[in-house]
Every structure is written in C-alpha cells, then in structure tokens.
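Structural description and commentary
Next come the chains, spelled out residue by residue.
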Amino acid sequence: SCRCGDQLREVALARSGTVFTFAQDELNPSPFPPTLMAVVDLAGGGRIYCELVDCAPSDARIGMSVDLMFRKFKEGGGIYHYYWKCCPGRGL
C-alpha cells in the first residue's frame, strides 16, 4: 500500500549471525527429527527465519554463533528446492 517500490534498494546480507530464538518442532515431517527452527540476527543487520541443522537440540542456545548455508530444502516432481539454513558457527 505504500507504493514506494521504486525507492527500494538491494542490500547484501551477512552469512553469519547469532540465534535470537529457536524452537524444537516434533510434528514437522523430517528425515532427522526433531526439526530445529531459528530466528537469526545477521551480523550487520537483518533477521532470517530458517532451519538450524548439524546441531543437537541439547546444544542449541540463544546467542550462539551460526553461519548460513544454501542447502536442499526438499524435492518434488524430480525438482530440488534449495533454501538458506543455519548451522553452528564455523567462522566461514
């Protein structure tokens, strides 16, 4: 409704940040349950909601350092779908 689309600009976002909050989802169908979902505050600004992978639920912590990576999200009809996921910080 603001109709200011011509005033938008692209901004490169960092590929690392810290976990703002997270939740353990026991109901989401997953090959490796439970699914951990996190809200990540990106270094330099911005926030993203994504799956936290390569991390045991007992190791997930608010404030932990994470890195973003582009990984397979799902596949359907012979097509692979990719999306951003985060994993414990490795200093990439």
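Above this text you will find the structure in question.
First things first, this report covers the structure right here in the doc. (Residues numbered from 1 in each chain as written. Predicted model: local features only at pLDDT ≥ 70, side-chain atom pairs only at ≥ 80, totals over all residues. Heavy atoms only, no water.)

Time to look at the overall build of the chain. A count of helices and strands for the chain gives 0 helices and 5 strands. In the chain, the succession of helices and strands from N to C terminus is β-β-β-β-β. Out of the 92 residues belonging to the chain, those deemed buried represent 25%. Long-range pairs, those at least 24 residues apart, make up 39% of the contacts in the chain between residues at least 6 apart in sequence. (Helix = DSSP H or I, 4+ residues; strand = E, 2+ residues; numbered from the N terminus. Buried < 20%, exposed > 50% of the residue type's maximum accessible area, 1.4 Å probe, protein only. Contact = heavy atoms within 4.5 Å.)

A contiguous nonpolar surface patch, about 360 Å² in accessible area, is contributed by Phe 70, Tyr 80 and Tyr 82. Positionally, Phe 70 belongs in strand β4 (residues 65–76). (Patch = residues over 30% accessible without salt bridge, like charges linked within 9 Å, V, L, I, M, F, W, Y side chains within 5 Å. Areas by Shrake-Rupley, 256 points an atom, 1.4 Å probe, with all protein chains shown as cover. Salt bridge = Lys/Arg side-chain N within 4 Å of Asp/Glu carboxyl O.)

So, on to the packing of aromatic side chains. Counted according to the given criterion, the structure contains 2 aromatic pairs. Between the aromatic rings of Phe 70 and Tyr 82, the centroid separation amounts to 6.1 Å while the plane-to-plane angle is 20°, which identifies the pairing as stacked. Within this pair, whereas Phe 70 is found in strand β4, its partner Tyr 82 is found in strand β5 (residues 79–88), the two being separated by 12 residues in sequence. Phe 70 gets classed as exposed once you look at its relative accessible area, which sits at 52%. Looking at Tyr 82, the relative accessible area reads 46%, which means it is partly exposed. Of the aromatic side chains, those joined through ring pairs into one cluster are Phe 70, Tyr 82 and Trp 84. Over the face of the ring belonging to Phe 20 we find Arg 47, whose NZ or CZ atom lies 3.9 Å from the ring centre. (Phe/Tyr/Trp six-rings, centres within 6.5 Å; stacked < 30°, edge-to-face > 60°. Lys NZ or Arg CZ within 6 Å of the ring centre and 35° of its normal.)

Here we come to the pattern of salt bridges. Taken as a whole, this structure holds 4 salt bridges when the rule is applied. For Arg 47, the salt bridge is made with Asp 41, and the minimal N-O distance between the two is 2.6 Å. We classify Asp 41 as partly exposed; its relative accessible area is 24%. Between Glu 51 and Lys 85 there is a salt bridge, and its shortest N-O distance comes to 3.2 Å. Of this pair, Glu 51 sits in strand β3 (residues 47–52) while Lys 85 sits in strand β5, and the two are 34 residues apart along the sequence. Residues Glu 51 and Lys 85 agree in their burial class; the two are buried.

A few words now on the layout of surface pockets. In this model, the largest pocket occupies a volume close to 590 Å³. Element by element, the count of residues in the lining of the largest pocket is highest for β4, at 5 residues. (1 Å grid on protein atoms, 1.4 Å probe; cavity = no way out; pocket = protein on both sides within 12 Å on 5 of 7 lines; lining within 4 Å. Points joined across faces, edges and corners; volume = space filled by probe spheres on them.)

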